[in-house]
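Report on the structure
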Amino acid sequence: MAEVVLPGARGDLPVFVAEPSPLGDSHAGVLVVSDALGMTSDLRSHAEWLASLGYVAAAPDLFASGCHLRCLFSTMRQALARDGPVFDDLETTRGWLLDHPAASGRVGVIGFCLGGGMAVMLAGSGRYDVSSVNYGDVPKDALDLLADACPVVGSFGGRDVTLRKAPDRLATVLAEVGVEHDIHVYPDAGHSFLNDHAPAEVPRWAVVMGALSRSKYHEPSARHARDRIAAFFATHLVSAGD
């Protein structure tokens, strides 16, 4: 596990990298896009989990260029506009994965919350082989956005009142455009049920916002979701490239 620093659109872009051990000569890459808390021990844990499955995982610190809240609001505005430096930084990280000495030439993306919404957009970009959308927002124009999307595995919490329509919208759109997908709602989970954040890394504003969306790590749902993601990636990121 290491950190590399790439030339980002707003200055140095720190990227946490987790590699399989032992490292072979052909591994798919996975871009790991954080939730609103940015670079945390939880984000690094997700990258390490993906590395244990045989992927080279890269998690860019999208909020490294300044004040966390200012960077967060800027990233949210760019996500709504679907354009801006944050997307350049994601593309830079994807390029690094493709240039990795052990790269297989295939790259997937996984995102959580804010990153889950970006994983929806990136799924339709034509640049990724698979996308894992975890409680990410699904825009109303998803039918156009995802017309040529890669396969998508999506996980949502049934107790998350902020995204009630998102899973049905995502599943309906992907079925209509003929994209392979696995969308699942966990009835006992809320928002962020896959994110096991250390309390010391959660700012007060996130605690307040989390209460509204019933954000809480839910181990049974998280374990099942990770199994689904692993199986879906094995099919569409590894086997599909053989």
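Everything in this summary refers to the structure shown in the same document.

Examining helix α3 (residues 85-99)
- Spanning 15 residues, α3 covers 21 Å between terminal C-alpha atoms, matching the ideal 21 Å at 1.5 Å per step.
- Every buried residue of α3 is accounted for by Val-86, Phe-87, Asp-89, Leu-90, Thr-93, Arg-94 and Leu-97. The arc enclosing the buried residues of α3, seen along the axis, measures out at 160°, which places them on a common side.

With respect to the sheet that holds strand β5 (residues 103-112)
- Reading across from one edge, β1-β2-β4-β3-β5-β6-β7-β8 is the order of the eight strands in this open sheet, with mixed pairing throughout. Of all strands in the sheet, those bounded by a partner on one side alone are β1 (2-8) and β8 (181-186). The average undirected angle you get between the axes of adjacent strands in this sheet is 20°.
- In this structure, strand β3 (residues 27-33) lies alongside β5, joined through six bridges in parallel fashion. Counterpart to Val-30 in the pairing with β5 is Gly-108.

Concerning a positive patch on the surface
- Together, Arg-159, Arg-164, Arg-214 and Lys-216 make up a region of like positive charge exposed at the surface.
- On the secondary structure map, Arg-214 appears in the loop between α7 (204-212) and α8 (219-238).

A closer look at the state of the cysteines
- In this structure the tally under the stated criterion is zero disulfides.
- Considering cysteine sulfurs only, Cys-113 is the nearest to Cys-150, which forms no disulfide, with 20 Å between them.

Section: the nonpolar core
- Counting residues in hydrophobic clusters, the biggest one holds 72 residues, and the most contacted among them are Val-32, Leu-50, Leu-146, Leu-170 and Phe-233.
- The biggest single contributor to this core is helix α4 (residues 114-123), with seven residues.
- If near-sequence neighbours (up to four positions away) are discounted, Leu-170 is found in contact with Val-133, Val-138, Leu-146, Val-152, Phe-156 and Ile-183.

Conventions we followed
Residues numbered from 1 in each chain as written. Predicted model: local features only at pLDDT ≥ 70, side-chain atom pairs only at ≥ 80, totals over all residues. Heavy atoms only, no water. Helix = DSSP H or I, 4+ residues; strand = E, 2+ residues; numbered from the N terminus. Expected span 1.5 Å × (residues − 1). Buried < 20%, exposed > 50% of the residue type's maximum accessible area, 1.4 Å probe, protein only. Arc of directions from axis to C-beta. Pairing = 2+ DSSP bridges. Axes fitted to C-alpha atoms, helices over the stretch in contact; angles between N-to-C directions. Patch = residues over 30% accessible without salt bridge, like charges linked within 9 Å, V, L, I, M, F, W, Y side chains within 5 Å. Areas by Shrake-Rupley, 256 points an atom, 1.4 Å probe, with all protein chains shown as cover. Salt bridge = Lys/Arg side-chain N within 4 Å of Asp/Glu carboxyl O. Lys, Arg positive; Asp, Glu negative; His and termini not counted. Charge placed at Lys NZ, Arg CZ, Asp CG, Glu CD. Disulfide = S-S within 2.5 Å. Core = buried A, V, L, I, M, F, W, Y, C linked by side-chain atoms within 4.5 Å. Contact = heavy atoms within 4.5 Å.

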